[in-house]
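Listed here are the chains, written in short residue letters.
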Amino acid sequence: GLSFSQSKGESLQQEEALLEPASRLQSLRDRDTVTRFDREVDPDRAGRHDVPLDLSTRVKFREAARRVRPKKQTNSFMYKSFEAYNFFTFNFEPDPQDGSERSSRKRKKLKKAEDLFVIEQSSQDFLEVRKAEYVGYRKLIQRERESELFFTPSFRTVPTSIKLPENMKPRYLEDEGLYVGERPPVSLTNENILENRILKMEEKWFGDDGRIMALPDPIKESSTRPPLFHMEEDLDPALQTVYRKVRYTPTATLRSPPDPEGDYQLDVDVSGLIFSHHPLFSREHVLGARLAQLYDQYLTRQHNNLTGHLTDKLNGLRSALRNMLEIHGGQSLTQAINTRQLRDSEQEKDRTLLKNIVKVWKEIKALREFQKFTNTPYKLYLRRETVDQASDEQEYEDEIFAEVVELEAESEEDYQRKLAEYKKQLEEWKLSRRKQELSESEGPLEEGPPKPEPPEKPDFDSIEQRVREKASRIRRKPGESILIPELSASGNITASELCPKAEIARREDVARRSLFIKILYNDKEVSRTDSRSLNTDFRVHFGQIFNLKIVNCPQSINLQVFEEIGSSCSLLAQVFVPVPEPSVLTGGVPLEEFEFSSNQRVMFDHEGVGSDVPLSFEADGSNKQTLLTSGKLSCCVSWGIGEDDVPLAPPVSQQPGGMHSGLGRLDAVSYIGASGLYDMKKIGEWATQSRLDPNDPKNSSIMQLLKVASSGEVTAPEYFRLEQLQEEFNFVTDEELERSRRFRLLRLRNQEVAEFRNYKCVPALEREVTDKVFQDYEKRLKEGEIIDTKEHLDSHRALVAKYLQKIQESVINRFLLAKHHYLLSDLVVEEEIPSIGILGLNLFKLAEPKRPLKPQRKERKKVTAQNLSDGDIKLLINIIRAYDIPVRRPQSKMLNFICFYFSKPGQSPQTIQGSDWLFGQVQVRPFVEVSFQRTVLQTTTADGPNPCWNEELQLPFSAPNGDYSTASLQSVKDEVFINIFDEVVYETGTDKDRGTTHTRAEKHWLGSVKIPFSTIYSQSRIDGTFKVNTPAVLLGYSKERSHGNSGGYDILRSLSEGAFITVFITIEPQLVPGESIREKFDSQEDERLLQASERFERDAAQGYPDRPCITTVIDLNGKTVFITRYIRPLNPPQELLDAYPNNPQEATGLVARFVSLIPSLPDRVSFSGACDLWSTCDQFLTLLAGDEEEHAVLLCNFFLSMGKKAWLIIGTAIPEGPTAYVLTFEQSRYLIWNPSSGQYYGQYDTFCPLQTVGCLVNADNVWFNVQEYASPMRMSFDTTKAKLWKPFFSRSFSHPGLSSVQPEELVYRRVDKAAATELQDRIEKILKEKIMEWRPRHPTRWNRYCTTTLKQFLPKLELSGGRDMAEGHRHELQSLLGDNRISGFPLHLPFSEIRPIIEAVYSTGVHNIQASNVEFALAVYVHPYPNNVLSVWVYLASLVRS
Amino acid sequence: MAELHIIGQIIGASGFPENSLFCKWGVHTGGAWRLLSGLKEGQTQVDLPQIGDMAYWSHPIDLHYATKGLQGWPKLHLQVWHQDSFGRCQLYGYGYCHVPSSPGHHRISCVTWRPLGSWQEQLAQIFVGGGPQLRSPDLIYSGADRYRLHTEAMGTVELELGIIMRHFDKYGVDS
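Given the structure is predicted, the values throughout are model-derived calculations rather than measurements. (Residues numbered from 1 in each chain as written. Chains lettered and ligands numbered in written order. Predicted model: local features only at pLDDT ≥ 70, side-chain atom pairs only at ≥ 80, totals over all residues. Heavy atoms only, no water.)

S.K.: Help me understand a nonpolar patch on the surface, please; the structure alone is not making it clear to me.
M.R.: All names here are of chain B. On the surface, Trp-119, Leu-123, Ile-126, Phe-127 and Val-128 cluster together into a nonpolar patch covering about 630 Å² of accessible area. Within the secondary structure layout, Trp-119 lies in helix H1 (residues 119-128). We classify Trp-119 as exposed; its relative accessible area is 61%. (Patch = residues over 30% accessible without salt bridge, like charges linked within 9 Å, V, L, I, M, F, W, Y side chains within 5 Å. Areas by Shrake-Rupley, 256 points an atom, 1.4 Å probe, with all protein chains shown as cover. Salt bridge = Lys/Arg side-chain N within 4 Å of Asp/Glu carboxyl O. Helix = DSSP H or I, 4+ residues; strand = E, 2+ residues; numbered from the N terminus. Buried < 20%, exposed > 50% of the residue type's maximum accessible area, 1.4 Å probe, protein only.)

S.K.: Would you explain the nonpolar core in this entry?
M.R.: In globular proteins that are soluble, nonpolar side chains generally tend to be buried together. Core analysis: the biggest nonpolar cluster contains 74 residues, and Ile-879, Ile-978, Ile-1061 and Ile-1323 of chain A have the highest contact counts within it. Formed by 51 residues, the second largest nonpolar core is a distinct cluster that contains Ile-1127, Leu-1194, Trp-1233 and Phe-1293 of chain A. (Core = buried A, V, L, I, M, F, W, Y, C linked by side-chain atoms within 4.5 Å.)

S.K.: Sorry, what's going on with the pattern of salt bridges here?
M.R.: It is possible for side chains bearing opposite charge to pair when their charged atoms get close. In the structure shown here, the tally under the stated rule is 41 salt bridges over all chains. Among the salt bridges present, the one from Lys-359 of chain A reaches Glu-363 of chain A, with a minimum N-O distance of 4.0 Å. In this pair, Lys-359 of chain A and Glu-363 of chain A are both assigned in helix H12 (residues 334-371), 4 residues apart and thus about one turn of the helix distant. For Glu-363 of chain A, a relative accessible area of 25% translates into the label partly exposed. In this structure, the salt-bridge partner of Arg-34 of chain B is Asp-734 of chain A, at a minimum N-O distance of 3.1 Å. Within this pair, whereas Arg-34 of chain B is found in strand S3 (residues 33-37), its partner Asp-734 of chain A is found in helix H20 (residues 734-739), the two belonging to separate chains. With relative accessibility at 15%, the residue Arg-34 of chain B sits in the buried group. Residue classification places Asp-734 of chain A among the partly exposed residues on the basis of a relative accessible area of 30%.

S.K.: So what exactly am I meant to see when it comes to the sheet that holds strand S22 (residues 1021-1027) of chain A here?
M.R.: The strands that make up a sheet are held in pairs by hydrogen bonds between backbone atoms, and each pair lies either parallel or antiparallel. Residues and elements named next belong to chain A. Across the sheet, which stays open at both edges, the 4 strands sit in the order S19-S15-S24-S22 with antiparallel pairing between neighbours. Every other strand in the sheet has two partners, leaving strand S19 (948-956) and S22 as the edge strands with one partner each. The sheet shows a mean angle of 15° between the axes of neighbouring strands, direction not considered. Relative to strand S24 (residues 1060-1068), strand S15 (residues 874-883) runs antiparallel, the two sharing 9 bridges. In the sheet register, Leu-876 faces S24, and the bridge partner there is Thr-1066. (Pairing = 2+ DSSP bridges. Axes fitted to C-alpha atoms, helices over the stretch in contact; angles between N-to-C directions.)

S.K.: Explain the packing of aromatic side chains here, please?
M.R.: For any two aromatic rings, the description comes down to two numbers: the centre-to-centre distance and the angle of the planes. Residue and element names in this part refer to chain A. A complete count under the given rule lists 36 aromatic pairs over all chains for this structure. Here Phe-957 and Phe-1013 contribute two aromatic rings whose centre-to-centre distance is 4.4 Å and whose plane-to-plane angle is 15°, an arrangement assigned as stacked. Within this pair, whereas Phe-957 is found in the loop between S19 and helix H29 (966-970), its partner Phe-1013 is found in helix H30 (residues 1013-1019), the two being separated by 56 residues in sequence. Residue Phe-957 shares its accessibility class with Phe-1013, and that shared class is buried. Here Phe-1013 and Tyr-1017 contribute two aromatic rings whose centre-to-centre distance is 6.2 Å and whose plane-to-plane angle is 15°, an arrangement assigned as stacked. With Phe-1013 and Tyr-1017 both in helix H30, this residue pair falls 4 residues apart, about one helical turn. This pair shows no difference in class: Phe-1013 is buried, exactly as Tyr-1017 is. Within the aromatic cluster, the residues linked to one another by ring pairs are Phe-1096, Tyr-1104, Phe-1122, Phe-1264, Phe-1288, Phe-1289 and Phe-1293. In this arrangement the basic side chain of Arg-744 is found over the ring face of Phe-774, its NZ or CZ atom lying 4.6 Å from the centre. (Phe/Tyr/Trp six-rings, centres within 6.5 Å; stacked < 30°, edge-to-face > 60°. Lys NZ or Arg CZ within 6 Å of the ring centre and 35° of its normal.)

S.K.: Explain the interface of chain B and chain A here, please?
M.R.: Interface size, as often reported, equals the accessible area lost upon joining of the parts. Across the boundary between the two partners, chain B contributes 27 residues, which contact 28 residues of chain A. In this assembly, chain B packs against chain A so that about 2,300 Å² is buried in total across both faces, 57% of it on carbon and sulfur atoms. At the boundary of chain B and chain A, one finds 4 salt bridges. Summed over the shared surface of chain B and chain A, the result is 7 residue pairs in polar contact (both at pLDDT 80 or more). Looking at the side of chain B that touches chain A, the element that brings in the most residues is S3 of chain B, giving 4 residues. Classifying every residue of the side of chain B that touches chain A gives 12 nonpolar, 9 polar and 6 charged. (Contact = heavy atoms within 4.5 Å. Buried area = accessible area lost by both parts, 1.4 Å probe. Polar contact = N/O pair within 3.5 Å; in protein donor to acceptor, adjacent residues only side chain to side chain. Nonpolar A, V, L, I, M, F, W, Y, C, P; charged D, E, K, R; others polar.)

S.K.: It is not clear to me how the environment of Gln-1179 of chain A should be interpreted in this structure. Could you clarify?
M.R.: Residue and element names in this part refer to chain A. By secondary structure assignment, the location of Gln-1179 is in helix H36 (residues 1177-1183). For the pair formed by Gln-1179 and Gln-1302, sequence separation is 123 residues and the distance between their alpha carbons is 9.4 Å. Polar side-chain contacts of Gln-1179 include one of 2.9 Å to the backbone nitrogen of Thr-1176.

S.K.: Is there a simple way to explain helix H9 (residues 188-201) of chain A in this structure?
M.R.: Side chains that are three or four residues apart share a direction in an α-helix, a result of its 3.6 residues per turn. Residue and element names in this part refer to chain A. For H9, built from 14 residues, the straight-helix expectation of 20 Å at 1.5 Å per residue is met to within 8% by its first-to-last C-alpha distance of 20 Å. Among all positions of H9, only Glu-191, Asn-192, Glu-195, Asn-196 and Ile-198 are buried. End-on, the buried residues of H9 take up no more than an arc of 165°, which puts them together on one face. Backbone geometry just downstream of H9 places Glu-202 in the positive-phi region, at approximately 60°. (Expected span 1.5 Å × (residues − 1). Arc of directions from axis to C-beta.)

S.K.: What is the right way to read the confidence of the model for chain A from this model?
M.R.: One rule of thumb: low pLDDT means the predicted coordinates there are not for detailed reading. Residues and elements named next belong to chain A. Residues with a pLDDT of 70 or more make up 71% of chain A, whose mean pLDDT is 73. Confidence scores differ between elements of chain A, with helix H27 (residues 893-902) showing the lowest mean pLDDT of 38 and strand S34 (residues 1262-1265) the highest of 89. In the predicted structure, residues 245-261 sits below a pLDDT of 50 and forms 17 contacts with residues beyond four places in sequence or in another chain. This model gives residues 1042-1055 a pLDDT under 50, and the stretch forms 10 contacts once residues within four places in sequence are excluded. (pLDDT = per-residue confidence, 0-100.)

S.K.: How should I be thinking about the state of the cysteines in this particular structure?
M.R.: Here a disulfide denotes one covalent bond, and it connects the sulfur atoms of two cysteines. Within this structure, the stated rule accounts for 0 disulfides over all chains. Cysteine Cys-1177 of chain A shares no disulfide, and the gap to the nearest cysteine sulfur, in Cys-1196 of chain A, comes to 9.2 Å. (Disulfide = S-S within 2.5 Å.)

S.K.: Mind showing me how you'd approach the confidence of the model for chain B here?
M.R.: All names here are of chain B. Counting all residues, the mean pLDDT for chain B is 88, and 97% of those residues have values of 70 or more. Looking across chain B, the model is least confident in H1, with a mean pLDDT of 84, and most confident in strand S1 (residues 2-14), with 94. Our summary of model confidence lists the complex with pTM equal to 0.49 and ipTM equal to 0.88.

S.K.: Teacher, can you tell me more about the environment of Arg-767 of chain A here?
M.R.: As for its placement among the helices and strands, Arg-767 of chain A is situated in the loop between helix H21 (741-750) and helix H22 (772-782). Beyond its immediate sequence surroundings of up to four residues, Arg-767 of chain A is in contact with Arg-383 and Glu-486 of chain A.

Take a look at the structure:
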């Protein structure tokens, strides 16, 4: 409609354009009559164009339009267009002032027009109006009825007898057991009417049962498919239609019906070509090509592995045969024979192929040698796989034996068969003879069969001979290694300059040639590739894909290879490529190789061998070959894929059928679900529930299935099988998969097993992974149970070490997973945005006066450990100063005094040795030596007992196994030894002639500080003054204070004893210390308590971030335990209390000493930073190793049982970092105990290592320090003041009565003196060996006398607790040894294992004395304490005879 | 003893009603497969795209499998979650796709769906978030009676996987 109106409008416009105004007027008037527009749009008026439009006329026009509207239904569009036309084109004249006059005039005009019409055409003159003829329905019916044309069947039931033939009783098939389907429901009235009608029609429509015959009801009761929700959207894309315009296709000649989208596309991929022979081949190329061909053949053969298959088959057949023979006796062997023959021929082929490969390779080598240059890059490697000689031989013999047996059997059978035949023939012959004899009288008959020859007996001996011969020909000799050829093209080609002229000419000729390929489609050239030059290896790579848009049906695709020399080109060969199947689509087809060849005859005068030219490789020119140019073109042709993956291929003619089979049972699917179909029970259930008609042919299959199932022939398996058919389709067995060494290595690396954690490159080939890789790992697994007593010297400690290792392993495994959990801060490093306050502070700092002499330590950038390597990390140690270094004492004081007093007054005191001391000149010349990981550096030598060095030492650090991961760094057990030595210069003699003095410098150990690397790592820097561990006795030195020293330190120093050193240690670059693992541990604590403790710790951390606060700890089982449970009075060993029954002070000291003698082992090291585990006191005493917390808890518990007021201090100390100390309140003053050293400090002690106090713990409560200061000197320990100490349990949250985790009583093992003595001897022996080992160039002499003397001192030292009471024995020693210059000291260590003792001895450097007349003395004393706690003393001295 | 390397990334997701998304993923294999190295499940970060509808994760996947059979070829199952402005997480879609079985680079878009609850649940979902989730997420890649589950389509997750196969040809599997 619309288009019509548009065209109408258009035509109108055209008309308007063409016609003169008058004529237009006319036409419009015509139209007006049609549309009845005449009244409103007056033609007269409409004609006037010159009058401008007025408002009122417009109104009028609108009225007109409104009036016309009812007619819209008929020609609304026309009207619309007309109206529009009018609206836009007409100019209406304005109404004149007197409207009435105008209208009357108009009417008049109209009347005139009507009159005219009437006069001209009066239709009434010719026509007459009539009524339509009509017969009423009733009348019609009546009329019909009268003529009896209609029959109205009655709706009464018809008796059965009428419906059936006469004398027949109705027969009910259902009753007889036959299947009768359910009839479709029809109302009784309808059925009756139908029956009546059919009876009237007298047709046979009734069945035997007297009812109308009917098919079963076809309607199913339930829908057979699940309901569809969105019909339109989910429409199968294959069913969707798309509107396409009609299109003209010029030549739609494809066989298929013309598809509107008829552009098919063929993709021709021309990859490249390889010449297997080319006229420009040199001789070497010919051989190389042959080698490559043979190798290809070898590879395909290897891939197919026919020999292997056949061997397997043969073996299978043989075993089957054996079984058969066992059961039935002799049977035919033919299949086995056939297979064996096949196998043998394949084996022979394999063998000859290998031989040929080797032969050609040898020829190539010979040729290369002969011509002195190399043209081809081929290289053949023969990889040998050694085989087990014995088993191989066995196999070989077995094979031969089996074959021989078979052959024997075969020939035997053959023989038997022949024999039987012979016998038969003999019988026949005899019969015919007899017949002949009988009929001889009757006359000569035809000659009977000749007498058969008996068959020969098979020769069994020769069989084996033959088999062996054959085997040696076709098979590898037993024990000979399997040769696997590997061809590579990695050899070097001799450069052209080094070749002879003919060869150069050939190469130049090669370089001049280029090739291209023309693509002919249906014999028309459609495209051609770029021309590519011929490479020296006679391969050309095109790699071009041509998309051919085709309309015509493809008949032939032809690729022509052209060779171009200069400007001329010649056709080399043609390759016809088959037209692909429509299913062959681009992307899914591999490249195919098409062989081509040309019979052109080409000859050259250079090295090129030419084509179709006889060629010989033999020296004498025999064995000529003729080679033709040939090669392989690799290309593929496939149908293209358009957008949306629509294949641009002609449709496949036949559709796969049988789509809708098996739909009949879908009701069952909707009933029991798809999975239920496999369940017999469910099907059976369904069948009974739905009253499945057993006679329905549709159900027969289900009924059959159910019958079979219920009869028990096919039973549904009782078990459920995962991954059915897995076994059948396995590539390899599980065992084989497990056996793969490479996979094992990969998995172990992935599991981060210690040995493989940082294994870098796993080889790609199985054979490159050797068993050696696993040796360590397997050894560790195997030796898990074996205890190494050699390392530990003490069986108990060895056991403990193993136990500890087990705990450690379990803990590490536990944390391995947790380690992979990351927080945001682990992954995102976000620099803190400086707040306004900090900004202001920084600005303020700018204005500060510069103080270049007081440099500030700057924060350095932290480095994550993963991208570090050896040598990147350095340990910076700044040795600043030391206080109160022991000073030298004159060798023989008494003697000196005597000399001084009794010598003549005029004698110079200088001559007396040691006079320096008297004059306060050189008392000591100390220097510091730092050793770490066996790197030793030292400072310069300073003077006096209070030296100042201010030197920085840099020590390199290397992590174990080059593993710089956080976990690995945390487990570094190395320690930094800071040793203070005194440099002593001795005059050895004076060379008076030259006026020089020979001196020898000796260093005497004065004391040491050791700091574990793990502490430095976790603290990132250590800054402070440490007490130097000085030996209890230093021969030749006194610890007396230097007199008359100025400075205010004296007062402070008086409170503490011993020497001190100030150092600053850090790691460069700064490493990010590992964080403890965040993991929630399960706990047996009350949930409320846990929440409270979490809150308490959080509040503490917020308020005072630098004060450690611990309320819950983790026990050895990995459970969270409240800290107060660890505090409980526990009895110390009775022996210790009995030692000083009257002196509680001494007893306290002894108990502290006992605790400090238990070796320290930081958890950080043993658990690789994972967490801090607290063991209970009994566990601690069993393990005999633990860190500060365990020591502190034990000491605190001992003190509590001794009736003291004691608390556990959780705080930080140097150098330990966060640690635990013990606080006691005695005689109205507080004492701070360092549990690992047994030392105690007063509250106001300057050199107390405890720096901050975080909280105090006892059995009842935990108090957190909320005072202004955390340093013990400036704070109060009165926990009752709530303002200073915030208690955990308060009135609002009272102590719930937590029971202790500690045992009620500790049971100690008795002192074992014998074991101690034994250990003592062993340590002594080991140390002596070590010292001799460290002095490889000098003889080490032992002064036995001195040793025995020293040995006597040691127990005394132990008794005194190491305190300086050595005055006496030094005198004793001095007097005993007389004029020997002796320097030495006792070392004291708690015993854990031998290694730390050796380290300590080594670090003192006593063995470094080079003097020729030096003698050594070494004494070891092991003092046993209860429970196998051992105190080790090593007295080491060097004696120089002066 | 064929080996399969799956190296690639979960690029991101688009077409979800909101775009502050993250994804939990996992690889499911049959019993014949052994994981030699790599993590076979994980979770991406939450991406809040400033522009556009697509949330980018660029989450790496690097797996090395050894297998003794073809059954149970690795499948990748995904769960896309939405984290709203309150930091609450709700499920936005389940999806799963097969790891391609041909070597080379593959770009996969995995469509996702979400269970549709009753009308009350849907109403609640509009106002307070949350929504029905699978009781056992195994259903993503198993189960036969799935047609009972009414779902609604959500967006697509884009993946980029590179497949390297080794020794499959040894056992007659053309790759």
